[in-house]
Amino acid sequence: MKIAVCIKRVPDTEARIRIAAGGKSIDPAGIKFIISPYDEFALETALRLKEAQGSGEVVAISVGESTSGEQLRSALAMGADSAVLLKGQTSLDGLATARALAAEIREQNVDLVLLGMKAVDDDQQQVGPMLAELLDMPCITVASSATVENGSVVCEREVEGGIEVVEAPLPAVVTITKGEYEPRYPSLKGIMAAKKKPLAEKDAQLGSHRIEVRQLAPPPDRPPGRIVGEGADAVPELVRLLREEAKVL
Amino acid sequence: MNVLAIAEQKDGSLRRISSEVVTAARSVADAIGGSVHALLITPAVGDAASVGRFGADVVHVATAPAYDADVYAATIADHVRSGDYFAVLFGAGGQGRDLAPRVAAKLDVPLATDATSLEVDGGELVITRPVYAGRAFATVVLDAKPRIVSIRPNTFRPQESERTATVENIATSSVPSRVKVRETKAASGGRVDVGEASIVVSGGRGLKGPEHWHLLEALRDALGPAAALGASRAVVDAGWRPHAEQVGQTGKTVSPQLYFAVGISGAMQHLAGMRSARTIVAINRDPDAPIFKIADYGIVGDAHEVLPKLVEEIRKGH
C-alpha cells in the first residue's frame, strides 16, 4: 500500500508572531519552524499503518519554498520512504495548494492520502477536503484514528456529542486530528538514513492565488481587567459584575 | 445578486450558528441591495419559514436522510450553480467546516474560513479572519464569484425581525455516498461542542487532577445547555481530558460570550485560542499568572473553594 502524507512548514506554536513591514505578512526573523503538529499526527498514522501491514511505502509531500526541505528531511528521519518538495509559495488560498498536491498525487498513484485536519498557521481547515474533490476520492475529516481493512479505510472521528466510526473505500483522503499516538522522535539511525532517501524537487502547479491579503494586523488589545477579590468571598461581587456590568449571565 | 446562507437544523429547530449565518447574510445582502436565500438540507422539513426571522427572504429546502458530506456538498454546489449569488455563507461549526471546502472545490472558487467580520466596500466583500489562532488578523478579498465564506461561531449576533420567508422545495442531488457510518459512540451526551458554545468553562493544571473535574461540570451545568467544557493543552497532554476539548492553537479557537479559565496560567498558545471571547473570567491561585492580564474579571483563589460558591450564586439568580 502506498500512502501520501502532506505536510506543511509552519512557525512553532510558541513562536512570537510579529507583523512584517508592509503589514501583509509575518516577520520570519528568529522564528523556529516545525512540521504543523496535525501533519505530524498524520505522518505517525501513516507509519503505523505501514508497520501494521509489514510492507508499503510512505511518501511525504510538501508545497513550499526550498526551506520546506528541512521539514521533509524530518519526515524522512521519522520514517517516510521518500519525499517530494513542490516548490512554490503557499497562500491563504488552500485551493491553490490542493491543486499542486493533487497534480503530484495523481502521478504517484497512491492508495491513501493523509494530512493534518488543519495547518496551525492559517487555520483554514480546507486543503484536505478540497484535495479529495480534485482527486474525486471520498474524504473523512477530523479522524483520530485510521486503519485499513478489506480495501477500506476505517476511522474514528469527532462529531458533536461523541465519536463516529466511519469507513470509505480506497483510495481516500483522511484528515487527522490528535489521537492515541504521539508522533515519534527521529532516531539517530533515522536521521542518518534520511540523508540517503530520495527528496525530489519539482515546481508546484499552484495555478492562480485568488485570495488577496489586504492587511495583516495584531489582534485588538483587550481593555485592562481587574482582580475582583480573593477566594470564595469575592464570588458574589463577580456574579453581580457578570450580570449587571458585562451582562453575560 | 443575492446572498445564500447555508442553514442547519438540529432536532427540527434552527441551530444557533445558522441564525448567525442568516443574520450575517442579511447584512451583506442589504449592503449590495440583494435578497437573502437560505438553503436547508434536512431529514424532516419542520418549521422552515422561521428562518425568515433572522432575515431570509426565501428558504430552499432539500430533504435528505442523515448527514452525508457527498450528498450535501453536491446539493449545495448544484443549487449555487443554478442561482446568481454574490456570496455563500457557511457556519464554521463541525458541519460547515466539513462542507465548505468541498463546495468551494466543486465550484472552483477560493474559500475564506472563520470570518469574524464581513463588510462590503466598493462592491467587494472584505473579510477579516484570524490567523495563527488569533495572534493576528488578516483582511482579505476573494477574487471569484460567488465568494464562499464560513463565519466564526458566536461572532455575528443573531438579529430577529418580523420577516416571514417563502419556502421552496428543491431536489437533493443524487450522488453515491461513499463514506459509511458504522457506529456512533456518544461521549458527551449530545452536548454543544466547545468550538460553538456561547459559554466555555475551561480547566487547567491548577485543578490538580482529572478527579476534580466535577467542579467544572457543576459550573457548566449551572450555566445551562449553551455551556461546554474546555481544557488547556497541559491537561490534554497529561491525558486528563480528551483533545476534543482543547482550547488553543493546537486545539480549538473559541469566541464565546463568556469564558471561564480555571487553574489555567495562560500559555501563549492558549491565550491565542480564547482571547477573542467577549468576557473572560480567570480563577487562579497565582496572582501573577499571565491569564489575569487578559481577563476582564479575576479571582485569586483555589478552584475547590471558589467554584462551589460560584455555582451556588449562579443558581440563586435562576
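Predicted model, so just to flag it, every value in this text is computed and none were measured.

### Let's talk about the packing of helix H3 (residues 94-108) of chain A against helix H4 (residues 127-135) of chain A
Residues and elements named next belong to chain A.
Line of reasoning, step 1. As a packed pair, H3 and H4 sit with axes 9 Å apart at the nearest point and diverge in direction by 50 degrees. The angle between H3 and H4 falls in the class oblique. Read as a crossing pair, H3 and H4 show a hand that is right-handed. Seen from H3, the contacting residues are Gly94, Leu95, Thr97, Ala98, Arg99, Leu101, Ala102, Ile105 and Arg106; seen from H4, they are Val127, Met130, Leu131, Leu134 and Leu135.
Line of reasoning, step 2. Taken together, the residues of the contact of H3 with H4 sort by class into 10 nonpolar, 2 polar and 2 charged.

### Concerning helix H1 (residues 16-32) of chain B
Residues and elements named next belong to chain B.
Line of reasoning, step 1. With 17 residues, H1 extends 25 Å between its outermost C-alpha atoms, agreeing within 8% with the 24 Å of an ideal straight helix rising 1.5 Å per residue.
Line of reasoning, step 2. Among the 17 residues of H1, 13 are classified as buried, and the element is accordingly described as predominantly covered.
Line of reasoning, step 3. Following H1 by one or two positions, glycine 33 has its phi on the positive side, about 70 degrees.

### What about the domain arrangement of chain B?
All names here are of chain B.
Line of reasoning, step 1. The domain boundaries assigned to chain B delineate domain 1 (2-169) and domain 2 (199-316).
Line of reasoning, step 2. The distance between the C-alpha centroids of domain 1 and domain 2 comes to 31 Å.
Line of reasoning, step 3. Contact with domain 1, which involves 8 residues of that partner, is made by 11 residues of domain 2.
Line of reasoning, step 4. Looking at the side of domain 1 that touches domain 2, its residues break down into 3 nonpolar, 3 polar and 2 charged.

### Considerations on the packing of H4 of chain A against helix H3 (residues 94-107) of chain B
Line of reasoning, step 1. The N-to-C vectors of H4 of chain A and H3 of chain B enclose an angle of 40 degrees; their axes lie 8 Å apart at closest approach. With respect to their mutual orientation, H4 of chain A and H3 of chain B come out oblique. The way H4 of chain A lies across H3 of chain B gives a crossing that is right-handed. Each of Pro129, Met130, Glu133 and Leu134 of chain A in H4 of chain A lies in contact with H3 of chain B, whose residues at this interface are Asp98, Pro101, Arg102, Ala104, Ala105 and Lys106 of chain B.
Line of reasoning, step 2. Broken down by class, the residue content of the contact of H4 of chain A with H3 of chain B amounts to 6 nonpolar, no polar and 4 charged.

### Remarks on helix H1 (residues 37-53) of chain A
Because an α-helix completes one turn every 3.6 residues, residues spaced three or four positions apart along the sequence face the same direction.
All names here are of chain A.
Line of reasoning, step 1. Spanning 17 residues, H1 covers 25 Å between terminal C-alpha atoms, matching the ideal 24 Å at 1.5 Å per step.
Line of reasoning, step 2. Taken together, the buried positions of H1 are occupied by Pro37, Tyr38, Asp39, Glu40, Phe41, Ala42, Leu43, Glu44, Thr45, Ala46, Leu47 and Leu49.
Line of reasoning, step 3. Directly after H1, the chain includes glycine 54, whose backbone phi takes a positive value near 80 degrees.

### Comments concerning the sheet that holds strand S12 (residues 211-217) of chain A
Line of reasoning, step 1. Read from one edge to the other, the open sheet built from 4 strands follows the order S12(A)-S10(B)-S9(B)-S8(B), with strand pairing classed as antiparallel. Of all the strands in the sheet, the pair left with one neighbour each is S12 of chain A together with strand S8 (117-121) of chain B. Across this sheet, the average inter-strand angle for adjacent strands is 25 degrees, counted without regard to direction.
Line of reasoning, step 2. With 6 bridges joining them, S12 of chain A and strand S10 (residues 136-142) of chain B adopt antiparallel strand pairing. Bridge pairing links glutamine 215 of chain A to threonine 139 of chain B in S10 of chain B.
Line of reasoning, step 3. Strands S8 and strand S9 (124-131) of chain B of the sheet are contacted by H1 of chain B, whose axis makes an angle of about 5 degrees with S8 of chain B.

### Quick notes on unusual backbone geometry
Line of reasoning, step 1. A cis amide bond, omega -5 degrees, links leucine 170 of chain A with the succeeding residue proline 171 of chain A.
Line of reasoning, step 2. With an omega of 0 degrees, the peptide bond running from lysine 145 of chain B to proline 146 of chain B counts as cis.
Line of reasoning, step 3. Tracing the backbone through its elements, the reader meets proline 146 of chain B in the loop between S10 and strand S11 (147-151).
Line of reasoning, step 4. Positive phi, close to 55 degrees, is recorded for asparagine 109 of chain A, a residue that is not glycine.
Line of reasoning, step 5. Structurally, the position occupied by asparagine 109 of chain A is in the loop between H3 and strand S6 (112-116).
Line of reasoning, step 6. Positioned with a positive phi, aspartate 11 of chain B is a non-glycine residue whose angle comes to about 50 degrees.
Line of reasoning, step 7. Here aspartate 11 of chain B is to be found in the loop between strand S2 (9-10) and strand S3 (13-14).

### Notes on the nonpolar core
Line of reasoning, step 1. The biggest cluster of nonpolar side chains holds 190 residues, and the ones touching the most others in it are Val5 and Ala60 of chain A together with Ala5 and Leu89 of chain B.
Line of reasoning, step 2. Top contributing element to this core by residue count: helix H2 (residues 69-82) of chain B, with 8 residues.
Line of reasoning, step 3. Two domains share this core, each providing at least three of its residues, namely domain 1 (2-169) and domain 2 (199-316) of chain B.
Line of reasoning, step 4. Excluding its chain neighbours within four sequence positions, the residues that come into contact with alanine 60 of chain A are Val5, Ile7, Leu43, Leu72, Ala75, Leu76, Ala80 and Ala83 of chain A.

### Description of the sheet that holds strand S11 (residues 199-203) of chain A
Line of reasoning, step 1. In spatial order, the strands read S11(A)-S5(A)-S4(A)-S1(A)-S6(A)-S10(A)-S7(A)-S8(A)-S9(A)-S13(B); together these 10 strands make up an open sheet with mixed pairing. Looking along the sheet, the strands with just one partner apiece sit at the ends: S11 of chain A together with strand S13 (180-186) of chain B. For this sheet the average axis-to-axis angle between neighbouring strands, irrespective of direction, equals 30 degrees.
Line of reasoning, step 2. Bridge analysis of strand S5 (residues 82-87) of chain A against S11 of chain A gives 5 bridges, and the strand direction is parallel. Bridge pairing links alanine 83 of chain A to leucine 199 of chain A in S11 of chain A.

### Description of the interface of chain A and chain B
Line of reasoning, step 1. Counting residues at the interface gives 69 residues for chain A and 73 residues for chain B.
Line of reasoning, step 2. Those elements giving two or more residues to the side of chain A that touches chain B turn out to be H3, H4, strand S7 (139-149), strand S8 (152-159), strand S9 (162-169), S12, strand S13 (226-230) and helix H6 (235-245) of chain A.
Line of reasoning, step 3. Among the elements that take part in the side of chain A that touches chain B, S9 of chain A stands out by supplying 8 residues, more than any other.
Line of reasoning, step 4. Broken down by class, the residue content of the side of chain A that touches chain B amounts to 38 nonpolar, 13 polar and 18 charged.
Line of reasoning, step 5. Pairing of S13 of chain A with strand S18 (residues 297-300) of chain B involves 4 bridges; the strand directions are parallel. Of the residues in S18 of chain B, the one forming a bridge with isoleucine 227 of chain A is glycine 298 of chain B.

The rules behind the values
- Residues numbered from 1 in each chain as written.
- Chains lettered and ligands numbered in written order.
- Predicted model: local features only at pLDDT ≥ 70, side-chain atom pairs only at ≥ 80, totals over all residues.
- Axes fitted to C-alpha atoms, helices over the stretch in contact; angles between N-to-C directions.
- Helix = DSSP H or I, 4+ residues; strand = E, 2+ residues; numbered from the N terminus.
- Parallel < 35°, antiparallel > 145°, perpendicular 65-115°, else oblique.
- Left-handed = near helix turned anticlockwise from the far one by under 90°.
- Contact = placed C-beta atoms within 7 Å.
- Nonpolar A, V, L, I, M, F, W, Y, C, P; charged D, E, K, R; others polar.
- Expected span 1.5 Å × (residues − 1).
- Buried ≥ 20, exposed ≤ 12 C-beta atoms within 10 Å, placed from the backbone.
- Domains from an automatic or database assignment.
- Pairing = 2+ DSSP bridges.
- Core = buried A, V, L, I, M, F, W, Y, C linked by C-beta atoms within 7 Å.

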